[in-house]
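Residues per chain, in single letters:
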Amino acid sequence: MSSDYANLLEEALEAWEGVRRGVIAEAEAIPADRYDFRPRPEARSVAELLRHVVETGLMMAGELSAPQGDFRRQSFPDFMQEYAGHLPPDPDRDTLLALLNSTFEEGMRKLRDAGELHMLQFIRRFDGKPGTRLAWLNHGVAHEYYHQGQLALYARLMGLVPALTRRIYGEG
């Protein structure tokens, strides 16, 4: 990550990079045999949570970079099918880690190719209101931070020390 921002888009992309690297670090800190852990029966498992991050990252980058992007043009399940329908149905830990990296790189490329001016244009949000694509990118970053926090909590519930905590204390 660099703190030399060429423009507002690069600043937002740096934030996305930071959180995605944090999600990956938390995912790497959880052993493969614990990827089926879920704190309650109705909650997502570790694997399902990571797949969700991959899926929504693909949708975010795809729709924000599209010339006619519109988050109300179809249902959420239809967006998932459009942008993530090609993903394996039940990926293992190594596949999820690879997808977290590769889809992030793909998303960064799409957003950079779209450019800052495109990202300053309006898009229709999920609530039907207009907002800039850049603001929605920041919403996507916040969404991933939320799930990074969930992963850290899952780690604690499994008796593990979260990756960020280990890094703060110089243990990882």
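Before any of the text, the structure's been laid out above.
What you see is a predicted model, and the numbers here were worked out from it, not measured in a lab.

Bringing the nonpolar core into the picture now. The biggest cluster of nonpolar side chains holds 45 residues, and the ones touching the most others in it are W16, Y35, V46, L50, L64, L100 and L137. When contributions to this core are tallied by element, the ones reaching two or more residues are helix 1 (8–28), helix 2 (46–65), helix 3 (76–84), helix 4 (93–114) and helix 6 (133–157). In terms of residues, this core owes the most to one element, helix 2, which gives eleven residues. When sequence neighbours within four positions are dropped, the list of residues in contact with W16 reads G57, M60, A61, F104, G107, M108, L111, V141 and E144.

In a regular helix each residue adds 1.5 Å, so 21 residues correspond to 30 Å; helix 1 covers 30 Å between its end C-alpha atoms and thus fits that length. Where helix 1 begins, one side-chain oxygen reaches toward the backbone nitrogen of L9, 3.0 Å away; that side chain belongs to N7.

What follows covers helix 6. Over its 25 residues, helix 6 runs 36 Å from end to end, which matches the ideal 36 Å to within 8%, given 1.5 Å per residue. Immediately beyond the C-terminal end of helix 6, within one or two residues, lies G159, with a positive phi of roughly 85°.

Bringing the pattern of salt bridges into the picture now. A full pass over the atoms with the stated rule returns twelve salt bridges. With a shortest N-O distance of 3.0 Å, E48 and R38 are connected by a salt bridge. Pair noted here: E48 is in helix 2 and R38 is in the loop between helix 1 and helix 2, with a separation of ten residues, a long-range link. Residue classification places E48 among the partly exposed positions, given a relative accessible area of 37%.

Thresholds, definitions, all that
- Residues numbered from 1 in each chain as written.
- Predicted model: local features only at pLDDT ≥ 70, side-chain atom pairs only at ≥ 80, totals over all residues.
- Heavy atoms only, no water.
- Core = buried A, V, L, I, M, F, W, Y, C linked by side-chain atoms within 4.5 Å.
- Buried < 20%, exposed > 50% of the residue type's maximum accessible area, 1.4 Å probe, protein only.
- Helix = DSSP H or I, 4+ residues; strand = E, 2+ residues; numbered from the N terminus.
- Contact = heavy atoms within 4.5 Å.
- Expected span 1.5 Å × (residues − 1).
- Polar contact = N/O pair within 3.5 Å; in protein donor to acceptor, adjacent residues only side chain to side chain.
- Salt bridge = Lys/Arg side-chain N within 4 Å of Asp/Glu carboxyl O.

Keep in mind these values describe shape, not function.
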